[in-house]
Amino acid sequence: MFATFIRNYLGEQKNFSLFAIKLINTMLMTGTIPTENNLSGLDRKDFQKNINNQQTDLYILKNAQGMEVAVTNYGCAILSIMVPDKNGKYANVILGHDSIDHVINSPEPFLSTTIGRYGNRVAKGKFTLYGEEHQLTINNGPNSLHGGPTGFHARVWEAVQPDPSTVIFNYTSADGEEGFPGNLEVEMTYRLEDETNALVIEYRATTDKATVVNLTNHGFFNLAGISNSSPTVLNNIVTINADFYMPIDEVSIPTGEILKVEGTPMDFRTPHTVGERIDDKFQQLVNGAGYDHCYVLNKTESGELTLAATCTEPESGRTMEVYTTENGVQLYTGNWLNGFAGAHGATFPARSAICFEAQCFPDTPNKPHFPSAVLLPGDEYQQVTIYKFGVEK
């Protein structure tokens, strides 16, 4: 429908050359804009693969500031985000792979991908909705994690790139997929702003049956650049706009409590480095093997787009601000990365990345006092999350 609209619109423009119309028609048919000479050094042919009669591909987004983002429609994985440091030097600040086979077979299957149908954990993979119990696939100890082993991160999405700064993904999650009820129609947009170096992620979803939805992006960020020979985020300076967080048990399920961060190593209301307290003998840090907790964001009202977190890498001077309409953000410090190889030979050891996953609260389907994650027929799930990059002044 979108492609047809664009074709019809262009056909009505008298000042458009036939060559321009033909070129954009070709782009719409292939779903991509030319990818040659990209800053990330990725090769489109390395991302083209037929999977169950669906084609994967590489998409390069660029904005007026010179920022560049590379993505694939397999799991909507972000492969690179190229932004400058304080000296104007560009580097890739997100962990990714340099071929579709590596994306598919990654030791970290959620590496910088879109997550669904339910991000984070559901205890024992079970929940009851309107009297009907649903059993999800177990893939993380006794729990279901990030939608299961064949969740949205492991699916080929339909994709179209209407302009150089935007790509639109669509996926239909079938009733019963990974145990979730209802046919869920999902549209997600990655868009670069021209005024600033910001990646905007917009989500929409509808269902034909009551279901639960919690979509997020699992970007693994390293603002020093992934080619850094000693990758770590322990020196990253972080703030989180949250007075409360959710404690977890020994299998990372929220206890149901909502506790104050005040007086604990969980407090990032003022700037702290990641490494300053991460190894404290604080039970929550022991349970998570570091930071792996959902923070309850300070909001005047639910659904407003507000600043959730900031992150600064002092050596490069790069900064990142995270804005979201969601009520929570999961801080994860890459505690379980094991040193596997990524794009162009970069290695990803433990604590070489930091994640800010905007989301509903974990295990909400089993915590009736948490804000609901239920989506009903006739309603629309919506979310906006923005990752804005800059340099320290």
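All values derive from a computational prediction rather than experimental measurement.

Caption draft 1: Geometry of the overall build of the protein. When helices and strands are tallied, the protein shows four helices and 30 strands. Expected size for 393 residues packed as a compact globule is a radius of gyration near 21 Å; at 21 Å, the protein falls within 12% of this value. Taking the principal axes of its C-alpha atoms as reference, the protein extends roughly 65 × 55 × 40 Å. Taking the contacts inside the protein whose residues are at least 6 apart along the sequence as the reference set, 67% of them involve residues at least 24 apart. Accessible surface, the protein: about 16,400 Å² in total, of which carbon and sulfur atoms supply 51%. Taking the average location of the 27 positive side-chain charges in the protein and that of its 45 negative ones, the two points are 3 Å from each other.

Caption draft 2: Layout of a nonpolar patch on the surface. On the surface, Y130, V374 and L376 cluster together to form a nonpolar patch covering roughly 280 Å² of accessible area. Tracing the chain through its elements places L376 in the loop between strand 29 (374-375) and strand 30 (381-391).

Caption draft 3: Seen up close, the side chain of Q330. Within the element layout of this structure, Q330 appears in strand 25 (residues 328-332). There is a polar contact of 3.1 Å between the side chain of Q330 and the backbone nitrogen of C294. In this structure, Q330 is in contact with N120, D292, H293, C294, C355, F356, E357, Q359 and P362, ignoring residues within four places of it in sequence.

Caption draft 4: Region of interest: the pattern of salt bridges. Throughout the structure, instances matching the rule amount to eleven salt bridges. K45 is the salt-bridge partner of D43, the closest N and O atoms lying 2.5 Å from each other. Since its relative accessible area comes to 31%, D43 is described here as partly exposed. Assessed through its relative accessible area of 57%, K45 is described here as exposed. Measuring nitrogen to oxygen at the nearest pair gives 3.0 Å for the salt bridge that ties D279 to R351. Here D279, found in the loop between strand 21 (272-273) and helix 4 (283-288), pairs with R351, found in the loop between strand 27 (347-348) and strand 28 (355-359); they are 72 residues apart in sequence, far enough to count as distant.

Caption draft 5: Spatial organisation of the sheet that holds strand 5 (residues 78-84). Taken together, four strands build an open sheet; the order of strands is 3-4-5-6 and the sheet is antiparallel. The strands lining the two open edges of the sheet, one partner per strand, are strand 3 (58-62) and strand 6 (90-92). Taking the axes of each pair of neighbouring strands and ignoring which way they run, one obtains an average angle of 15° across the sheet. In this sheet, strand 5 lies alongside strand 4 (residues 68-72) in antiparallel orientation, the contact comprising four bridges. Of the residues in strand 5, the one forming a bridge with E68 is M82.

Caption draft 6: Representation of a negative patch on the surface within the structure. A cluster of acidic residues, E132, D175, E185 and D208, forms a negative patch on the protein surface. For E185, the position within the fold is in strand 14 (residues 184-192).

Caption draft 7: Molecular detail of empty space enclosed by the protein. Inspection of every chain in the model, using the stated rule, returns two cavities of 30 Å³ or more. By volume, the largest cavity is sized at about 70 Å³. The wall of the largest cavity is formed by 14 residues, among which A77, H97, V103, L111 and T113 lie closest to the centre. By residue class, the composition of the lining of the largest cavity is eight nonpolar, five polar and one charged.

Caption draft 8: How the structure looks around the pairing of strand 23 (residues 306-312). Burial of strand 23 is extensive: six of the seven residues sit out of reach of the surface. As paired elements, strand 18 (residues 237-240) and strand 23 share four bridges and run antiparallel to each other. Considered in strand 23, the bridge of I237 is made with T312. Where strand 23 hands over to strand 24 (residues 318-324), the hairpin turn is made up of five residues, of which G317 adopts a positive phi near 80°.

Caption draft 9: Representation of the nonpolar core. I81, Y190, I240, Y295, I354, F356 and F389 are the most contacted members of the largest nonpolar core, which has 56 residues in total. Residue contributions to this core peak at five residues, all from strand 14.

Caption draft 10: Region of interest: the sheet that holds strand 25. Sheet architecture is open: five strands sit in the order 20-19-22-25-28, paired in antiparallel fashion. Each end of this open sheet is capped by a strand with a single partner; those strands are strand 20 (259-260) and strand 28. As paired strands, strand 19 (residues 242-245) and strand 22 (residues 292-297) are joined by three bridges and run antiparallel to one another. What sits directly across from A242, in strand 22, is L297.

Conventions adopted
- Residues numbered from 1 in each chain as written.
- Predicted model: local features only at pLDDT ≥ 70, side-chain atom pairs only at ≥ 80, totals over all residues.
- Heavy atoms only, no water.
- Helix = DSSP H or I, 4+ residues; strand = E, 2+ residues; numbered from the N terminus.
- Rg over C-alpha atoms; globule rule 2.2 N^0.38 Å.
- Contact = heavy atoms within 4.5 Å.
- Areas by Shrake-Rupley, 256 points an atom, 1.4 Å probe, with all protein chains shown as cover.
- Lys, Arg positive; Asp, Glu negative; His and termini not counted.
- Charge placed at Lys NZ, Arg CZ, Asp CG, Glu CD.
- Patch = residues over 30% accessible without salt bridge, like charges linked within 9 Å, V, L, I, M, F, W, Y side chains within 5 Å.
- Salt bridge = Lys/Arg side-chain N within 4 Å of Asp/Glu carboxyl O.
- Polar contact = N/O pair within 3.5 Å; in protein donor to acceptor, adjacent residues only side chain to side chain.
- Buried < 20%, exposed > 50% of the residue type's maximum accessible area, 1.4 Å probe, protein only.
- Pairing = 2+ DSSP bridges.
- Axes fitted to C-alpha atoms, helices over the stretch in contact; angles between N-to-C directions.
- 1 Å grid on protein atoms, 1.4 Å probe; cavity = no way out; pocket = protein on both sides within 12 Å on 5 of 7 lines; lining within 4 Å.
- Points joined across faces, edges and corners; volume = space filled by probe spheres on them.
- Nonpolar A, V, L, I, M, F, W, Y, C, P; charged D, E, K, R; others polar.
- Core = buried A, V, L, I, M, F, W, Y, C linked by side-chain atoms within 4.5 Å.

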